[in-house]
Amino acid sequence: MKIYSLGVVFILATMTLTGCVSQKIDDGVIIAPSKYEWVDDGELVIVTYDVYGLNDAMLEEFERQTGYEVTLLKLDDAGSVIDHLLQHKGLQVADIAIGIDNTYLQTAIDNNVLWEHNAVLTNISDLALLPYEGPYAAPFDQGYICLNYDSSVVDGENFTVPQNLWDLTNDEWSGKIAIPSPETSSPGRAFMTATTDYFTHDDDNETEWTDWWTAMSRNEVIITTGWSEAYETHYTGGYGEWTDGYVGNAHAVVSYCHSPGVEAWSAGNWTKSVSLDLPRASFHQVEYAAAIEGGNLDAASAFIQYLMSPEVNSKMPTENYMYSTLKGMDLPEDDGYRFHSRIPDQPANVSATKIAENMENWLAQWNTAMVDA
Amino acid sequence: MKFRLISSCAVIAYTLLVVVPLWLAIDRLIWVAGFNPLDWINSLDGNYISQGVVAFTFLQALLSTVVTLAIGLPIAWQLGRYKWPLHSLIKATLTMPFVMPSIVAAMGFLHLIGPSGLNIRIDDTTWFATLIIAHAWFNLALVIRFCEPVLSTLDPKLEEQMRLLPAGHSKIGRFRNLWAPLLAPSVAAAACMTFVFSFTSFALVRWITLGDNTLESVMANIGSSAGIPNYMLARNEIILGASLIQFTILIASLWLMSWLQHRRQNLLPQASEITVKRVNHRGWMIVFPAVIFALSPLIAVFWASFRIRHTDSSGTSYSWETSGWEFAFAGSGSMSSAWDALWNSLGYAMITLCIALPLGWALAQTILDIEKERPKTARFLDVLTMIPFAASSVMIGLGVMLGMIRVNAEFFYSFWPTPVIAHVMITTPFVVRIMLPALRSLNPIYDECAQTLGIPAWRRFMLIRLPLLRGSILVAVIFTLAMSLGEFGASWVVTRNSDWTTLPVMIDSLRSIPYNNTYTAPAACAVSSVLMGITLLLFTWAEKFRPARDGGMF
């Protein structure tokens, strides 16, 4: 009888699922640092994704300098980091988020998951402060996202070098371009953002940016979950061709404009990959370190200070394959790193505020454009 | 009275551990997305991220089932009808893939088709076939385990009598009138379970396909943004839609399976194996390639763990080194060492065992005890214990993740055994499935006689029940350990918010390191080899205690 009763209770509970429990739990209260109960427990929990710069030597040096004990929580990508922040809002699970870029930052700020950090930062380049200059996040690396192509195939004979984005919808490029999904990848999201600006400023007033994506979808564009899959598995111009997961069916890929520089630097000044500098088709991406609401603010601020010190931040090009955000820093000249890294003449110009206001809508439009193709 | 208490406790514990997290997760998702099942289903094809996923999931599951049967039936026939030297070893080899963690299989197949293997992955048309074959490899044991007992124990007189009848003159006639009706329920049961496992496959789909997703993998990919108010609302609908379809299909399959199992029992063993089997030299043409097929992904994993790639301006070369193992076991600030993962996995497996075995046993005993007096209640409880089968491991992981965020995230994230909750949810139903037939087969007369002699309950338990159930208990112990050690989907969702990595999650993490790191593949294969070794050890042990003619999955 007891079991039967339990069963009936279970069925009734399941049938009345209307979210009542969750509704009661989620009250969305925002509490300022001064009123929040947080203690400096000597630990620093970092939420991040595969940011290569956070290597052992760098973390151990921070622990030695400050005495904080570091724990690294590695997620899949920048999107997962923001998901984690929103999912655990006010729960004091982690202290600092590293790797949120300027396509996600405003969402984090708007949702009150970040705190103003205490780090004193004086040497940040103006370029790195362009997308955001407030107290909630410190820009620790930057780069430009754009199309790269394999110059051994796209040589003007077998394939024509694209002169504009519409060229990529031609038959010769059918199934030959890999782009990380804007829904799951920050480079993909950044490139989609660039296309909104590109098609707003092009000569053609009859087509929208979504029309281009529809045409790309019809032209069998390869959309991948993340950057790694697009670059390593599909792209013929990168190091992926020497690896086990390689498929090699794309001669163009969305990556960083300095990816060819990284290729050259890694392979003794040799690369067949070239970045494509089309006006407004590239995006200036800045990645941030930010203190998380409810976390150990002192430890987070100490880490931001450390990350932005010239000793650490100047190593971004070699440790993290991104540009430093400090004044006067550039990529190294060794093995063609700087030579093969193109800085776009005219990247897309979309403010962080505009991104935050429109991103959800853009993603919905992008989704419709791809589904309707 | 004592027993009623144990039964009640088991049902309450199971409800708390298994049903509540799932309920909390669904409740949360519904709160964010709203209650409109039709919208949930429509969202699957209305979003690019999940477009075509339903069709792909069904297609690959159906094809996997067909190919598994096509490969498995001739092997089952050979094993069942003929005498083989080292029969037990051959059978163990062919059925071992089923207990092998799917992520290990994924690593093996990636290397078999990769540049250092057959080098056919470069052609993007081959990966789909690879996925289907990998599923066939994984589920081969189901066909053998379900069909071989029927084939090996059918009284030969039946076939001889059939030969004399007009309907049994030809091979086709005997097949149609004797073998087909006899084998049909077993083949259908094997097909049903193969379909279920292929339908919910995650690790193989994640690693072998190129961008294509099943319902399971799409839920895993977008799970991190589930349950957040006013954020990525469509994703909640997708997860609910995917769960609803999966739940419906899997519940239907499990009901069908339950019905088929009942029919199978009436057709099982009718003669000793010794009286039936003959020698068949030509059968080696099937058995030998089958053994190679079963072993090749595992050999590939071990072999690839020592093969290190060196790329420089002069090209690519390979050398044989142990540095992949050293890389995996050294660990770093940003990556746990394989030792940590190993201890975590072993610890979680042991705790899982300590909870799932008594819980599953008590539930099985409860079902058995009430099925005569209250068959409907027993049936309800039986289905309730199968809910985790129908929910899939990723959904279970999401349930645990969302559940602990809602209940007390600070506590659960600092509580090392947290991932055990997901493991218990997944393994308990298997314990019930193993223990229930064993308990049913116990002859109550022994216990009654002992009771008449005045032997107290605990001594009866120790002297009669325990020795009689020893084989099944050990099989349950070993499978619980093996399943917990190899569990990937739920752990992948749960442990990504913590630094308690397990062996399967570590394999995935290592393999996800960008491939310009020389050790990405060898280190992943080194950890896979460790997991493979432990699983093989457990499997070999389990084979010693498996009831001889059970004919089930395990």
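Since the structure is predicted, the reported quantities are computational estimates derived from the model, not experimental observations. (Residues numbered from 1 in each chain as written. Chains lettered and ligands numbered in written order. Predicted model: local features only at pLDDT ≥ 70, side-chain atom pairs only at ≥ 80, totals over all residues. Heavy atoms only, no water.)

Brief notes about the overall build of chain B
For clarity, the threshold we go by: Going along the chain from the N terminus, every DSSP run of H or I of four or more residues is numbered as a helix, and every run of E of two or more is numbered as a strand. The atom set for the radius of gyration is the C-alpha atoms, and the globule formula is 2.2 Å times the number of residues raised to the power 0.38. Exposure categories follow from relative accessible area, calculated using a 1.4 Å probe and restricted to protein chains: below 20% of the type maximum is buried, above 50% is exposed, and the middle band is partly exposed. Every residue pair with non-hydrogen atoms within 4.5 Å of one another is taken to be in contact. All accessibility values rest on the Shrake-Rupley procedure with a 1.4 Å probe; residue burial counts only the protein chains present in the view.
When helices and strands are tallied, chain B shows 24 helices and 4 strands. Expected size for 554 residues packed as a compact globule is a radius of gyration near 24 Å; at 24 Å, chain B falls within 12% of this value. Expressed along its principal axes, the backbone C-alpha trace of chain B runs to roughly 70 × 60 × 45 Å. Relative to its 554 residues, chain B shows a buried fraction of 60%. Counting contacts in chain B only where the partners sit at least 6 residues apart, residues at least 24 apart contribute 81% of the total. In the form shown here, chain B has an accessible surface area of approximately 21,700 Å², with 67% of it arising from carbon and sulfur atoms.

Points about a nonpolar patch on the surface
What counts, and what does not: Residues forming no salt bridge and having over 30% relative accessible area are the ones grouped into patches, like charges within 9 Å of each other and nonpolar side chains (Val, Leu, Ile, Met, Phe, Trp, Tyr) within 5 Å. Each salt bridge in this description consists of a side-chain nitrogen of Lys or Arg and a carboxyl oxygen of Asp or Glu lying within 4 Å of one another.
A cluster of nonpolar side chains, Trp458(B), Phe461(B), Met462(B) and Leu463(B), forms an exposed patch at the surface whose accessible area comes to about 440 Å². Along the chain, the position of Trp458(B) falls in helix H21 (residues 457–486).

Some details on a negative patch on the surface
We count it as follows: The charge count includes Lys and Arg as positive and Asp and Glu as negative, but it does not include His or the ends of the chains. For this purpose, a charge sits on NZ of Lys, CZ of Arg, CG of Asp or CD of Glu.
Among the surface-exposed residues, Asp40(A), Asp41(A), Glu43(A), Glu69(A) and Asp298(A) lie close enough to one another that they form a single negatively charged patch. For Glu69(A), the location among the structural elements is in strand E2 (residues 69–74).

Looking at the confidence of the model for chain A
Selection criterion: Scored from 0 to 100, pLDDT reflects the predictor's confidence in each residue.
Counting all residues, the mean pLDDT for chain A is 86, and 89% of those residues have values of 70 or more. Counting contacts from residues 1–29 of chain A, a segment whose pLDDT is below 50, to residues more than four positions away or on other chains yields 42 contacts.

Quick notes on the pairing of strand E6 (residues 177–180) of chain A
Residue and element names in this part refer to chain A. What counts is decided by this rule: Here the rule is simple: two strands pair whenever DSSP picks up at least two bridges between them.
Side chains Ile177 and Ile179 project from E6 onto one buried face, and the interleaved Ala178 and Pro180 project onto a second face that is buried too. Bridging between E6 and strand E8 (residues 252–256) involves 2 bridges; their strand directions are parallel. In the sheet register, Ile177 faces E8, and the bridge partner there is Ala252. Sheet analysis places E6 next to strand E7 (residues 222–224), joined by 3 bridges and oriented parallel. In the strand pairing of E7, Pro180 is matched with Thr224.

Observations concerning the side chain of Asp447(B)
Residues and elements named next belong to chain B. Condition: Pairing of N or O atoms within 3.5 Å defines a polar contact, subject to two protein rules: one partner must be a possible hydrogen donor and the other a possible acceptor, and residues neighboring in sequence count only if both atoms are side-chain atoms.
Tracing the sequence through the fold places Asp447 in helix H20 (residues 444–452). A distance of 3.4 Å separates polar atoms of two side chains, one belonging to Asp447 and the other to Arg460. Sequence-distant contacts of Asp447, that is, excluding residues within four places in its chain, are made with Arg460 and Ile464.

Comments concerning the nonpolar core
Going by this rule: Residues belong to one nonpolar core when they are buried, are Ala, Val, Leu, Ile, Met, Phe, Trp, Tyr or Cys, and are joined through side-chain atoms within 4.5 Å.
Leu94(B), Val104(B), Trp137(B), Met435(B) and Leu510(B) are the most contacted members of the largest nonpolar core, which totals 170 residues. Here this core takes 16 residues from helix H15 (residues 338–370) of chain B, the largest share from any one element. Setting aside anything within four residues of it in sequence, one finds Met435(B) in contact with Trp361(B), Ala364(B), Leu469(B), Ser472(B), Ile473(B) and Ala476(B). Counting residues in each nonpolar core, the second largest holds 100 residues, with Met216(A), Ala252(A), Phe303(A) and Trp366(A) among its members.

Comments concerning the packing of helix H3 (residues 53–81) of chain B against helix H8 (residues 171–199) of chain B
Residues and elements named next belong to chain B. Threshold: Note on geometry: axes are C-alpha line fits, over the in-contact stretch for helices, and angles between N-to-C directions span 0 to 180 degrees. By the definition adopted for this analysis, an angle is roughly parallel if under 35 degrees, roughly antiparallel if over 145, roughly perpendicular if from 65 to 115, and oblique otherwise. Here is the rule for handedness: rotate from the far helix to the near one, and if that takes an anticlockwise turn smaller than a right angle the crossing is left-handed, while a clockwise turn gives right-handed. Residues are sorted three ways: Asp, Glu, Lys and Arg are charged, Ala, Val, Leu, Ile, Met, Phe, Trp, Tyr, Cys and Pro are nonpolar, and all the rest, Gly among them, are polar.
One way to put it is that H3 packs onto H8 with a least axis distance of 9 Å and a crossing angle of 135 degrees. One finds that H3 runs oblique with respect to H8. The two elements H3 and H8 cross, and the hand of that crossing is right-handed. Along its contact with H3, which presents Thr57, Phe58, Gln60, Ala61, Leu62, Ser64, Thr65, Thr68, Leu69, Leu73, Trp77 and Arg81, the element H8 presents Trp179, Val187, Ala191, Thr194, Phe195, Ser198 and Phe199. The class makeup of the residues in the contact of H3 with H8 is 11 nonpolar, 7 polar and 1 charged.

Things to note about the environment of Thr48(A)
All names here are of chain A. Mapped onto the secondary structure, Thr48 falls in strand E1 (residues 43–48). For Thr48 and Ala97, which are 49 residues apart along the polypeptide, the C-alpha to C-alpha distance reads 5.9 Å. At 2.9 Å, the side chain of Thr48 forms a polar contact with the backbone oxygen of Ile98.

Notes on a positive patch on the surface
On the surface, a cluster of positive charge is made up of Arg163(B), Lys171(B), Arg278(B) and Arg282(B). Since its relative accessible area comes to 42%, Arg163(B) is described here as partly exposed.

Some words on the domain arrangement of chain A
Residues and elements named next belong to chain A. Under the convention used in this document: In this document the domain limits rely on a domain assignment from an automatic tool or a database. Note: buried area is the sum, over both parts, of the accessible area (probe 1.4 Å) each one loses when the two are combined.
Domains assigned within chain A are domain 1 (35–142 + 285–320) and domain 2 (144–284 + 336–371). Centre-to-centre separation of domain 1 and domain 2, based on C-alpha positions: 28 Å. Taken together, the contacts link 17 residues of domain 1 with 19 residues of domain 2. Summing the contributions of domain 1 and of domain 2, the shared interface buries around 1,500 Å²; its carbon and sulfur component is 52%. Here domain 1 and domain 2 share 0 salt bridges between them.

Here we look at the side chain of Thr236(A)
All names here are of chain A. Mapped onto the elements, Thr236 comes out in the loop between helix H9 (227–234) and E8. Among the residues examined, Thr236 registers a relative accessible area of 7% and is labelled buried. In this structure the side chain of Thr236 is engaged in a polar contact, spanning 2.7 Å, whose partner is the side chain of Asp150. Apart from residues lying up to four places away in sequence, Thr236 is in contact with Asp150, Glu241, Tyr246, Gly248, Asn249, Ala250, His251 and Lys272.

Focus on the confidence of the model for chain B
Residues and elements named next belong to chain B. Per-residue pLDDT for chain B averages 84, and the proportion of residues at 70 or more is 93%. Confidence, read as mean pLDDT per element, is least for helix H12 (residues 273–276) in chain B (56) and greatest for H3 (93). Here the prediction assigns the complex a pTM of 0.85, and the interface score ipTM is 0.80.

Comments concerning the domain arrangement of chain B
Residues and elements named next belong to chain B. By the assigned domains, chain B splits into domain 1 (1–34 + 334–548) and domain 2 (50–304). Look at where the C-alpha atoms of domain 1 and domain 2 centre, and you get two points 23 Å apart. On the side of domain 2, 43 residues touch domain 1, which itself brings 45 residues to the contact. For the pair domain 1 and domain 2, the summed buried area comes to about 3,900 Å², and 75% of that belongs to carbon and sulfur atoms. Looking at the side of domain 1 facing domain 2, the largest losses of area belong to Ala390, Met532 and Phe539, adding up to 14% of the total buried there. Our enumeration of links across domain 1 and domain 2 arrives at 1 salt bridge. With a closest N to O distance of 2.8 Å, Arg206 and Asp508 form a salt bridge.

Details of the pattern of salt bridges
One pass over the structure, following the stated rule, counts 11 salt bridges over all chains. The shortest N-O distance in the salt bridge between Arg338(A) and Asp330(A) comes to 3.1 Å. The exposure class of Arg338(A) is buried, given its relative accessible area of 19%. Classification of Asp330(A) by relative accessible area gives partly exposed; the value is 42%. Through salt bridges that share partners, Arg379(B), Asp382(B) and Arg433(B) make up one connected network.

Concerning unusual backbone geometry
Positive phi values are uncommon outside glycine, yet Asn269(A) reaches one of about 60 degrees. Examined against the element boundaries, Asn269(A) turns out to sit in the loop between helix H10 (259–266) and strand E9 (273–276). With relative accessibility at 42%, the residue Asn269(A) sits in the partly exposed group. You will see that Leu86(B), though not glycine, has its phi angle at about 55 degrees, which is positive. Tracing the backbone through its elements, the reader meets Leu86(B) in the loop between strand E1 (82–83) and helix H4 (87–95). What makes Leu86(B) exposed here is its relative accessible area of 63%.

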